[in-house]
Every structure is written in structure tokens, then in C-alpha cells.
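Chain residues, written in single-letter form:
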Amino acid sequence: MTHPSITSNRPRWRSLGILALLLALLLWPLHELAERYYSARLAEQNRQTLDLYVANLLGTLRSYETLPGILGNLPVLRNALLSPSNSASLELANHQLMRLKHQTGADVIYLMRADGLTIASSNWDQPDSFVGRNFAFRPYFLEAMDGRLGRFFGLGNTSGKRGYYFGQAIEHGRERVGVLVVKLDLDRTETLWGNSPERLLVTDSQGVAILTSYPGWRFRTTRPLRAEEQEAIALHRPYPTLDLQQLELDPVLWLQQSRQLDEIGWTVSILTPASQLDRPVQSILAGGGIALLAILALYGLWLQRQRHYLDRIALSTRAQRELEARVLERTRDLESLNSRLKQEVLEREQAQQELVRAQDELVQAGKLSALGTMSASISHELNQPLAAIRSYADNARILLEHQRHDEVNANLQQISALTARAASIIAHLRAFARRDRHAPESMALQPALDDALALHAQRRRTLDVELIRDLPDAPLWVQAGETRLRQVLSNLIANALDALAERPLPRKLWIAARHDEQGVSLSLRDNGRGFSQEALNHALEPFFTTKTSTQGLGLGLAICDSLMRALGGELQIGNHPEGGAQLILHLRLAEPGTNPYPPEDLSA
Ligand code: ADP
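Along every chain, residues carry numbers that run from 1 in the direction the sequence is written. Note on the predicted model: pLDDT of at least 70 is required for a residue's local features to be given, and 80 or more for side-chain atom pairs to be given and counted; whole-chain, interface and lining totals, by contrast, use all residues. Hydrogens and waters are ignored; side-chain quantities use all the structure's heavy atoms.

1. Topic: the sheet that holds strand β7 (residues 209–212)
Rules: Note: two strands are recorded as paired if DSSP finds a minimum of 2 bridges between them. For helices the rule is a DSSP run of H or I covering at least 4 residues; for strands it is a run of E covering at least 2, with both sets numbered from the N terminus onward. Fitted lines through C-alpha atoms serve as axes, helices being fitted only where they are in contact, and the angles separating the N-to-C directions of these axes extend from 0 to 180 degrees.
As summarised here, the arrangement of the four strands in space is β7-β6-β9-β8, forming an open sheet in which the pairing is antiparallel. One side of each edge strand has no neighbouring strand; the edge strands of this open sheet are β7 and β8 (254–261). Taking the axes of each pair of neighbouring strands and ignoring which way they run, one obtains an average angle of 25° across the sheet. Both strand β6 (residues 199–203) and β7 contribute to a ladder of three bridges, which runs antiparallel. The residue of β7 that forms the bridge with valine 202 is leucine 211.

2. Focus: the site of the ligand
Operational definition: Consider each residue's heavy atoms; a residue with any of them within 4 Å of a molecule or strand counts as near. Here a polar contact means two N or O atoms within 3.5 Å. Within protein one must be a hydrogen donor candidate and the other an acceptor candidate, and residues neighboring in sequence count only if both atoms are side-chain atoms. Surface accessibility in these figures is a Shrake-Rupley result with a 1.4 Å probe; residues are shielded only by whichever protein chains are displayed. For this scheme, ten residues count as nonpolar: Ala, Val, Leu, Ile, Met, Phe, Trp, Tyr, Cys and Pro. Four count as charged, namely Asp, Glu, Lys and Arg, and the remainder, Gly too, count as polar.
Among the 17 residues in the neighbourhood of the ligand, the closest are listed as Thr545, Thr546, Lys547, Gly552 and Gly554. At a separation of 2.2 Å, an oxygen atom of the ligand approaches a polar side-chain atom of threonine 546. Within the side chain of lysine 547, a nitrogen or oxygen atom sits 2.6 Å from an oxygen atom of the ligand. Protein contact buries 95% of the 520 Å² of open area that the ligand shows by itself. The set of elements that each furnish at least two residues to the shell around the ligand consists of α12 (482–501) and α14 (556–566). A per-element tally of the shell around the ligand places α12 first, with three residues. Split into classes, the residues belonging to the shell around the ligand amount to eight nonpolar, seven polar and two charged.

3. A look at the UniProt feature "transmembrane region" (unreviewed entry) in the protein chain
For the record, the criterion: UniProt positions are given in the numbering used here, feature names are shortened, and annotations may be inferred rather than shown by experiment.
Within this numbering scheme, the UniProt entry marks residues 284–303 as carrying the feature "transmembrane region" (unreviewed entry). Segment residues 284–303 splits into 100% helix and 0% strand. End C-alpha atoms: 28 Å apart.

4. Quick look at the side chain of serine 213
Just so we agree on the cut-off: Summary of the burial criterion: residues with accessible area below 20% of their type's maximum are buried, those above 50% are exposed, and those between are partly exposed, where the area comes from a 1.4 Å probe applied to protein chains only.
Examined against the element boundaries, serine 213 turns out to sit in the loop between β7 and α7 (227–236). Looking at serine 213, the relative accessible area reads 14%, which means it is buried. Separated by 2.9 Å, the side chain of serine 213 and the backbone nitrogen of leucine 200 make a polar contact.

5. What to know about a nonpolar patch on the surface
Operational definition: Patch membership requires more than 30% relative accessible area and the absence of a salt bridge. Residues of like charge join within 9 Å; the nonpolar side chains Val, Leu, Ile, Met, Phe, Trp and Tyr join within 5 Å. A pair is scored as a salt bridge if a Lys or Arg side-chain nitrogen falls within 4 Å of a carboxyl oxygen belonging to Asp or Glu.
Together, Tyr299, Trp302 and Leu303 make up a nonpolar patch on the protein surface, roughly 340 Å² of accessible area in all. Positionally, tryptophan 302 belongs in helix α8 (residues 278–401). By relative accessible area, tryptophan 302 is classed as partly exposed at 48%.

6. Quick word on the pairing of strand β1 (residues 108–113)
Within β1, five of the six residues are buried, leaving the element largely enclosed by the surrounding structure. With six bridges connecting them, β1 and strand β5 (residues 175–185) associate as antiparallel partners. Within β5, the position partnered with arginine 113 by the bridge is glycine 178. Relative to strand β2 (residues 118–121), β1 runs antiparallel, the two sharing three bridges. Looking at the pairing, methionine 112 lines up with threonine 118 of β2. Linkage of β1 to β2, two consecutive antiparallel strands, is achieved through a turn of four residues, within which glycine 116 is found at a positive phi near 100°.

7. A short note on the packing of aromatic side chains
Threshold: Put simply, two rings from Phe, Tyr or Trp (the six-membered ring, in Trp's case) pair if the centres are within 6.5 Å, and we call them stacked under 30 degrees between planes, edge-to-face over 60, tilted for the rest.
Taken as a whole and assessed by the stated rule, the structure comprises 14 aromatic pairs. Here the aromatic rings of tyrosine 214 and tryptophan 217 are separated by 5.4 Å at their centres, their planes lie at 75°, and the arrangement is edge-to-face. Of the residues examined, tryptophan 217 reaches a relative accessible area of 5% and is grouped as buried. Within the aromatic cluster, the residues linked to one another by ring pairs are Phe153, Tyr164, Phe166 and Trp266.

8. A short note on the nonpolar core
So the rule is basically this: The definition of a nonpolar core used throughout is a set of buried Ala, Val, Leu, Ile, Met, Phe, Trp, Tyr and Cys residues joined through side-chain atoms within 4.5 Å. Throughout, a contact is declared for two residues whenever any of their heavy atoms are within 4.5 Å.
If you look at the biggest cluster of nonpolar residues, it comprises 48 residues, and the most contacted ones within it are Leu492, Leu522 and Leu571. It is α12 that provides the largest number of residues to this core, a total of eight residues. Excluding residues within four positions of it along the chain, leucine 522 makes contact with Leu445, Leu449, Leu471, Leu489, Ile511, Ala512, Ala513, Leu583, Ile584 and Leu585. With 47 residues, the next largest nonpolar core counts Leu61, Phe166, Leu184 and Leu211 among its residues.

In C-alpha cells form, the structure reads like this:
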């Protein structure tokens, strides 16, 4: 990680190395093939060129080879030989030879006596004239005098030019009287070869380069000379120097083809620098290399695409696996969240139940505390009848001793009435203090009202009270307890009938209900005398009553007020502007229930 460039470069170098090795391995056979092909082509070309040169050289030599024999029979030349002192015949011979030279293209044609002295020559009038010179030492003369065709390569003694000499003896009868020599100029032949990239080389029987298209090679020997060869060279001096330099031709650098000319003992060679093959071979290699690189690049590209494709597949597989893992994780999270929510719902339900229970407890506690505040009045109210009962009982005992039975009876009736009153007080208090089975529930108002009215139907008829109802047909759902609401309604109706009983006809009772968002208001109005001012101030307190002890205990409205408050509602007392009392119950609206007429709560 500390050397990212090094670690990332290493594989690149390695792949480059592998690429180079691969190229070398593939290009090596191509190189071999190309080299072989071009060598063969060059060899073929060279062979043709060599054939051409050999034919040219041999053709030239052969065309002169027969010339001395033919010309030797010319009478002019014979006469000159036979009468050497005759200057006229010598002059004729000189002119003849000069003409022949121009006709044949030979370099020099000359006539020698049997002792080697030149008596006539084509160049007789030139400064380098051969006339008067003796060439008896020349091998061609010796060979000709020996009866053979004399041949010799050598530099002209006076001209210094390379020449090829043909010598043929001229016979008179059986005697060889002289030799006719034709000399060719080989310098010209060499010049004709021109300046070609391939080099031509003609070596003589001693391996010395006598003709060559490359002047630097001239008169250099291609092999070590033997002692007798060196002696012959020293004797005949065919080359301009006796100190012949060695010519080293490296067969690696030079491609050589040679042809042996047996009749003259020469070898004609054509040499091409091996470097001449380099260019075509290199272009073939370059082409091959480019093609290979292109193929490799295409292959690499294909591999890369393949790898990309595989990478993409691997990536998408990984992504899918990650997605699956994430979905699994999310599902697990959701499951745990779900179970937590379930747990919370459970806890909330429990809390709700706790709340309901707590509300119940509160209602109950509220009622008990109301009873607590009432306890002083309660004990006072109970003590009164109890004290009266005791005095009536004491009185009755005394009256009984005096046999005053009627008065005893009256006392006992008083006691009975007082006991009933005490029992009534206790019954009311017990009803109030009793724990309801339920918290406020949804219930319909009209059925509860009907029940309460039914309880007092008999008395209402007796008093001839007209009932005026103004209630909607649809059930008005309110939050209340079945028993408690009936208890309240029953109390209020009873109070209204009490008030109406004290007045003459017509007696009327109005019951109306209306509802809005806040809740339901139920109004009970009568046309009695209404609340006195004192009653308005104290009617809700326990044991306030304007009635006689047999008629009322003064607990009705106090208990109704407590019950209404426990239900979350309110009891409002007052008088109607047109006279008579009007009591209004405010109740909370509730969600519609299933059955507006539940079975009567008998425990009430
Ligand atoms: P009780 O009926 O036993 O007197 P309540 O607490 O029910 O006790 O009533 C208290 C008092 O309120 C009654 O004594 C009466 O003076 C007055 N009151 C109640 N209802 C009416 C009514 N409809 N018309 C006139 N006065 C009433």
C-alpha cells in the first residue's frame, strides 16, 4: 500500500515482457523464412547477372581467340616475316595491322619474329610503338612458338593497361617463322560492367583479382600464393606490383556466386553485400510485427472485454447478494420493529385498562370524598331520628306503665316512621357509594328517559300532568352509566312531580333535548312554582330541602350533581323565564353503540 505505483507497474512490465517474448518467438521463423526467400531470389538474380557477364567475357575472348591464326595467313604479314630487311613490305605490314586493329576493335595487333623481336605493329606510328621491342619472355610467345595458342593476362609493358594476349605461330613449311599477337583491352570491358550494387570479381588461375567492378579489390589475391606461383609472377610481372595484398571476403557479409572458366583458368564471381537483404527482410518483419501486434491487441481487447463481462457479472452477482442481505437485514429489522410495536400496543392496552381502572378508582374516590364532606350532615340527619326514636321509645315505656295504649301506639308509629326515614337515608347513600361495574360507556339517552318516565307513570297520571316531549327520533349517544343516568333522570322527574303536585291544573312537564359538538343537553321544565332564591343557592348541597321530612331528604340533587360530575357532565339548575323550574343536564357525546336498548341493569 505504501508504493502503489511500483505494485501497479510490475504486472504491466511483466505483460510487456511476455508480449516481447511472444513477438520474438513468432517473428523468428518469419525472419528465417523471409531471409531464405530473399536470398533465393537474390541468388537467382545474381545467377542470371553472372551468366550474362560470363557470356559477355567469354564471348569477347572467343571472338578474338581465332583472330591470330586467321590473320597469320595474310600474305602481307608473311612477306614481312620472310623478308625482314625489306622496309616496304614492313610498312605494308604496319598499315595492314593498323587497319585490322580498327576493323576488329583489338587494342594492339603486332607481328614478332621467331626470336621475339616485334617487326610490325598496329601502333607503329604511336609513341608507345611495339616495333623493335622484344617480347620473347612473354608466356604467350613461348606457348605459340611451342605450337599452341598462346594466352596471357598481363599489364601492357608500355601502356600499363590490362590486356589479354592471344599469340599464334606463323608457319612457313614446317618452320615457325614468327608469332602474330592480338591484344585486347580488358580495362574497357571492366568499365562496361558499370557501377552496380553487386560487385563483380574475375580472378585468374592464381586467385588474383584482375577485373573487378570495385577498384579497391583490384590486384588483390583471394588465397595465399604458392612459391612457384610467386616465382612465375616475379618472372612474368602480370600485375603492377609483386606485393599482392590479401582480399578477405567474409561469407557472412557477402553473398557470393562463382563460375569457373576452365579454358582460361579464371573464376568469375558476383558478390552482394548480405546487408542488401536486410531492408526487404526488415520490412517483412515490420509488416509481420504490425500484423501480429494488431492480432495480439485484438486478442487482448477480446480478453479485456471478456474480463469486463465476467467482472460485470461478478459485480451484479455481488450487488444482488448485497441486496438480498440488505433485504434480509431490513426484514429482520422490520420483524423486530413489529414485535416491538406489538409489545407497545400490548403495553398501551394495559395502560388503557390501567387508566380505565384508575378513572373508576377516581370516580369512586370522588364519591367517597363527597360522602366524607357529607358525613357531618349525614350523622346529624341520622342522629335526629335516632334521638327522636329514643325519646319516643322512652315515652312509650312510661305510657305503657300507665296503660295508655293509644298513645303508646301513636309513639310506636312515630318510631316506625323515623326508622323508615333513617333507612331511606342509608339506602340513598349506599346507592350513591356503590361501585359501578363500568367506567362511563356509550348509551342512548331516549331509552333511559323512557325507563325513568315509566317509573313515575302512575303518579303522573294521578296528577294529570301533561308531558310535552321534544326529542329527536335518532338515538342520542352519550357517555354515561346505565344505572346512574336513570337514577339522575328519575330524581329530576320525581322533583318536578313534587313541585307540580303543589299547584292546580294545568300541570305541564316539558322534556327537550338538543345536541352540538360539545355534547347533548337535556332540559326538564315544569310549570310548578320554581326554585326559591334560597333553594337556588343551596339545592345542590346534601340535605337541603324545602319539603317535609316525609316528602324529601334533601339528598336528591346533591347526589345527581355528584353523579353528573363523575360522568364528565354537569347539572344546571334554574327557573324558566315563564315560571317554573328548569333543570338542564349536560352530557358528553359518545360514539354510536350497537344497541340503544341494553338489558336493564338489575343491580341498580
Ligand atoms: P328533596 O326533594 O328531598 O327536598 P332535593 O335535593 O331533591 O331534596 O331538592 C332540594 C330542594 O330543591 C327541594 O326541597 C325544593 O325546594 C327544591 N326543588 C327541587 N326540585 C324542584 C322543582 N322542580 N321545583 C321547585 N323546587 C324544586
